[in-house]
Amino acid sequence: TSQRGDLKRMKLMNSIHMVSPGTPFIYYGNELGSRSDKFKDDRRLRVNLDWSVYQQLSGDAESILSHYKKMIRIRENCTPLQTGNYKKLNTGEPKIWGFIREADDKKALVLVNFDSKPHPVNIDLNSAGLAGRSFTDLTNQSGTKISADKNSGSLQVENMPELSCIILYFNN
């Protein structure tokens, strides 16, 4: 990848890929964090997969491979991320991208922090059509406080981690 080994950025780019509309395509070796400097990013000329690297990364819960597997599972189990329409949200923060993916009555709210520092985020659930609905945090950002105030219809993320993606699945 062009991220030159920056694991957080590689994970963020994979997360964006998996939550965006369309069919995700994983180039051979991306799930291992490999890059092809020698061939100027021509993925057709990549060398054989190093299975020892695969085995090493498989045992590391924080590896890029584990992240790919996690994001694939999230997408497989969340219909809105597979086929849902896209609706941009106003996050009030220029470095936070927010949107909803909706399929039928199922909705996923996605927040992406492109900044290298944490940010608080406040989303108006009323305008997003999500007020009064409970949600599940699919990404389980440890230590990130996420709460919804049913009276005001707002969702607060206390300090969204730097270079991260939060996916909230809203139940009916």
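For every chain, the first residue of its written sequence is number 1, and the numbers climb from 1 along that sequence. The predicted origin of the model limits local features to residues at a pLDDT of at least 70 and limits the giving and counting of side-chain atom pairs to 80 or more, whereas totals for whole chains, interfaces and linings rest on all residues. The basis for every side-chain value is the complete set of non-hydrogen atoms in the structure, without hydrogens or water.

Draft legend 1. Region of interest: the overall build of the protein chain. Within the protein chain one finds 4 helices and 8 strands. Summary of the burial criterion: residues with accessible area below 20% of their type's maximum are buried, those above 50% are exposed, and those between are partly exposed, where the area comes from a 1.4 Å probe applied to protein chains only. Taken across its 172 residues, the protein chain has 42% of its residues classed as buried. Taking as baseline every contact in the protein chain between residues at least 6 positions apart, the subset at least 24 positions apart corresponds to 59%. Summed over its atoms, the accessible surface of the protein chain is roughly 9,700 Å², and 49% of this surface lies on carbon and sulfur atoms. Secondary structure counts use DSSP, requiring at least four H or I residues in a row for a helix and at least two E residues in a row for a strand, with both numbered from the N terminus. Whether two residues are in contact is decided by their heavy atoms, any of which lying within 4.5 Å being enough. Using a 1.4 Å probe, the Shrake-Rupley method yields the accessible areas, and only the shown protein chains count as cover for residues.

Draft legend 2. Just the pairing of strand 4 (residues 119-124), in detail. By the alternation rule, side chains of strand 4 split into H119, V121 and I123, which are all buried, and P120, N122 and D124, of which none is buried. By the bridge criterion, 5 bridges tie strand 4 to strand 7 (residues 154-160) in an arrangement that is antiparallel. When the bridges of strand 7 are listed, H119 appears paired with M160. Paired strands, as defined in this entry, are two strands with at least two bridges between them according to DSSP.

Draft legend 3. Broad picture of the side chain of S164. Following the sequence through the fold, S164 ends up in strand 8 (residues 164-170). Polar contact is defined as a pair of N or O atoms within 3.5 Å, subject to the rule that within protein one atom must be able to donate a hydrogen and the other to accept it, and that residues adjacent in sequence are counted only when both atoms are side-chain atoms. Within the structure, the side chain of S164 is placed 2.6 Å from the backbone oxygen of P161, a separation counted as a polar contact.

Draft legend 4. Layout of helix 1 (residues 7-19). Its 13 residues give helix 1 an end-to-end C-alpha distance of 18 Å, which sits within 8% of 18 Å, the value for a rise of 1.5 Å per residue. Of all the positions in helix 1, only M10, K11, L12, N14, S15, I16, M18 and V19 are classed as buried. Multiplying 1.5 Å by the residue count of a helix minus one yields the expected span of that helix.

Draft legend 5. Expanded view of the pattern of salt bridges. Salt bridges are counted wherever a side-chain nitrogen of Lys or Arg sits within 4 Å of a carboxyl oxygen of Asp or Glu. With the rule as written, the count across this model stands at 6 salt bridges. Salt-bridge contacts for R9 lead to D6; the nearest nitrogen and oxygen are separated by 3.2 Å. Since its relative accessible area comes to 29%, D6 is described here as partly exposed. Among the salt bridges present, the one from D105 reaches R133, with a minimum N-O distance of 3.9 Å. Of the two residues, D105 sits in the loop between strand 2 (96-103) and strand 3 (106-113) while R133 sits in the loop between strand 4 and strand 5 (135-137), which places them 28 residues apart along the sequence. For D105, a relative accessible area of 43% gives the class partly exposed.

Draft legend 6. Representation of the sheet that holds strand 7 within the structure. Overall, antiparallel pairing links the 3 strands, which are arranged 4-7-6 in an open sheet. Only two strands of the sheet have a single neighbouring strand rather than two, namely strand 4 and strand 6 (146-149). The mean angle between the axes of side-by-side strands here comes to 15°, regardless of whether they run parallel or antiparallel. Here strand 6 pairs with strand 7 via 4 bridges, running antiparallel. Its bridge partner being in strand 7, S147 is matched across the sheet by Q156. For helices, the fitted line uses only the C-alpha atoms of the stretch in contact; every axis is such a line through C-alpha atoms, and the angle between N-to-C directions lies from 0 to 180 degrees.

Draft legend 7. Main features of the sheet that holds strand 3. Read across the open sheet, the 5 strands follow the order 1-2-3-8-5; overall the sheet is antiparallel. For this open sheet the edge positions go to strand 1 (85-89) and strand 5, each flanked by a neighbour on one side alone. Neighbouring strand axes in the sheet, compared pairwise and without regard to direction, differ in orientation by 25° on average. Summarising the sheet, strand 2 and strand 3 pair through 8 bridges and their orientation is antiparallel. The residue of strand 3 that forms the bridge with E102 is K107.

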